Amino acid sequence: MKPFNDIVTEQLGIPKEKISDALTPADVPEWDSMNYLLFIGELEKQYNISFSMDEILGAASLGAVRALVASKGISV
Amino acid sequence: MNHGASSAVERTFSELAVGDTASSTHTITETTVDAFVTITGDRNPLHTDDAYAKTTHHEKKVVHGMLVASLLSELVGMQLPGKFSLILSQETRFKKPVFLGDTLTVTGTITQKSDATRTVTLALAITRSSDTVVSGTVVVLVEDTHI
C-alpha cells in the first residue's frame, strides 16, 4: 500500500520534507481544484475506499484529508 | 483518418459504470501526419523525411507518438463518457512504432468511478491488429452537473 505522503508528493507536488497536516490549498500552488480531484481519486484507488462529495468538500487541510482516510479504517 | 460518431454521446455520470467500454478505428495517412505537423510544428525528419527515415533502424517514417495518443481525445470526448467530458490527466506508454497506412483501434474501458470527484478512470489501449502500440490511463471529469 502506497504511503499517504507519497501520494501527496505525487499528486500535489509537495516535497516530503514540507508535508504538514496544517497545509491548505492557500499554501500549495499545485493544490488547485483539478489536482485535488486527482489526489482524492488516487487515494480512493490506492486504498480501495470511497468518499462522498460532502466529505471531500469539507476537508480544508491536508490533516483533514488524512483524518478522512483514517476514518475509513486505513492507517496513514 | 476515419472519425466515429458525428455528435457526442450524452451519458451522465450516473449512467457510467466500471466495465463500460467503447472503441473507434482510425487509419493514419500522409494527410493525417501533415495536419499534425501543421498544428504542432514538429517536423522531425524521422516523421517527415523519407530519405532520412530510411537511414534509421525503422527504415521508414514513424508516425508521431503524440498523434497516435491524441486519438483518445475522440474516444473520450465523443463516446465514453462523451459530451460532458473534461480530461484531467493522462498517462501513455508508447510500446511500438506506428507507420503510415496503419489502421489503429482505440479502446477505452472504465476501471474506476469516483462518486466524490465525479471522475472516471479509463484504461486505454491502441492496437494494430493484435499488437498494442500505446497503452495508458486517462482520468476524466464528468460535468453533467455544476459542482
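Preceding block: the structure.
Figured I'd write up the structure that's included with this text. What you see is a predicted model; the values in this text were computed from it and never measured. (Residues numbered from 1 in each chain as written. Chains lettered and ligands numbered in written order. Predicted model: local features only at pLDDT ≥ 70, side-chain atom pairs only at ≥ 80, totals over all residues. Heavy atoms only, no water.)

Re the packing of aromatic side chains
Worth spelling out the cut-off: Here is the rule: rings of Phe, Tyr and Trp (six-membered ring for Trp) pair when centre to centre is within 6.5 Å. Planes less than 30 degrees apart are stacked, more than 60 are edge-to-face, and the remainder are tilted. Numbering of helices and strands starts at the N terminus; helices are DSSP runs of H or I of at least 4 residues and strands are runs of E of at least 2. Burial status follows relative accessibility: with a 1.4 Å probe on protein chains alone, a residue under 20% of its type maximum counts as buried, one over 50% as exposed, and anything between as partly exposed. Here, a charge over a ring means that NZ of Lys or CZ of Arg falls within 6 Å of the ring centre while also lying within 35 degrees of the ring normal.
This structure, assessed with the given rule, holds two aromatic pairs over all chains. Ring geometry for Phe4(A) and Phe39(A): centres 6.1 Å apart, planes at 65°, overall edge-to-face. Residue Phe4(A) is located in helix H1 (residues 4-12), and its partner Phe39(A) is located in helix H2 (residues 33-47); the two are separated by 35 residues in the primary sequence. For the residue pair Phe4(A) and Phe39(A), the accessibility class agrees, reading buried in each case. The ring of Phe13(B) carries Lys113(B) above its face, with NZ or CZ at 4.5 Å from the centroid.

A word on the nonpolar core
Threshold: Only buried residues count toward a nonpolar core. Its members are Ala, Val, Leu, Ile, Met, Phe, Trp, Tyr and Cys residues joined through side-chain atoms within 4.5 Å. Contact between two residues is taken to exist if any of their heavy atoms lie within 4.5 Å; hydrogens are not considered.
Within the largest apolar cluster, 29 residues are counted, with the highest numbers of intra-cluster contacts made by Ile28(B), Leu104(B), Val120(B) and Ile126(B). Mapped by element, the contributors of at least two residues to this core are helix H1 (30-40), helix H4 (65-79), strand S3 (103-114), strand S4 (119-128) and strand S5 (131-142) of chain B. It is H4(B) that provides the largest number of residues to this core, a total of six residues. The contacts of Val120(B), once residues within four sequence positions are left out, are Phe13(B), Leu16(B), Pro81(B), Ile110(B), Gln112(B), Lys113(B), Val138(B), Val139(B), Val140(B) and Val142(B). Formed by 24 residues, the second largest nonpolar core is a distinct cluster that contains Leu12(A), Leu23(A), Phe39(A) and Ile40(A).

Observations regarding the side chain of Thr121(B)
Residue and element names in this part refer to chain B. Along the chain, Thr 121 turns up in strand S4. Since its relative accessible area comes to 10%, Thr 121 is described here as buried. In contact with Thr 121, not counting residues within four places along its chain, are Thr 109, Ile 110, Thr 111, Gln 112, Thr 137, Val 138 and Val 139.

Thoughts on the sheet that holds S5(B)
Residues and elements named next belong to chain B. Let me state the cut-off plainly: Strand pairing is assigned whenever DSSP detects at least two bridges linking the two strands. In this analysis an axis means a line fitted to C-alpha atoms, helices contributing only their contacting stretch, and an angle means the value between N-to-C directions, from 0 to 180 degrees.
The five strands lie next to each other as S1-S3-S4-S5-S2, forming an open sheet whose pairing is antiparallel. The sheet terminates laterally at strand S1 (21-27) and strand S2 (85-94), the two strands that pair on one side only. Direction aside, the axes of adjacent strands within the sheet are offset by 20° on average. As judged from the nine bridges shared by S2 and S5, these two strands associate in the antiparallel manner. Directly across from Gln 90, in S5, lies its bridge partner Val 138. Of the strands in this sheet, S1, S2, S3, S4 and S5 are in contact with H4, which crosses S2 at around 145°.

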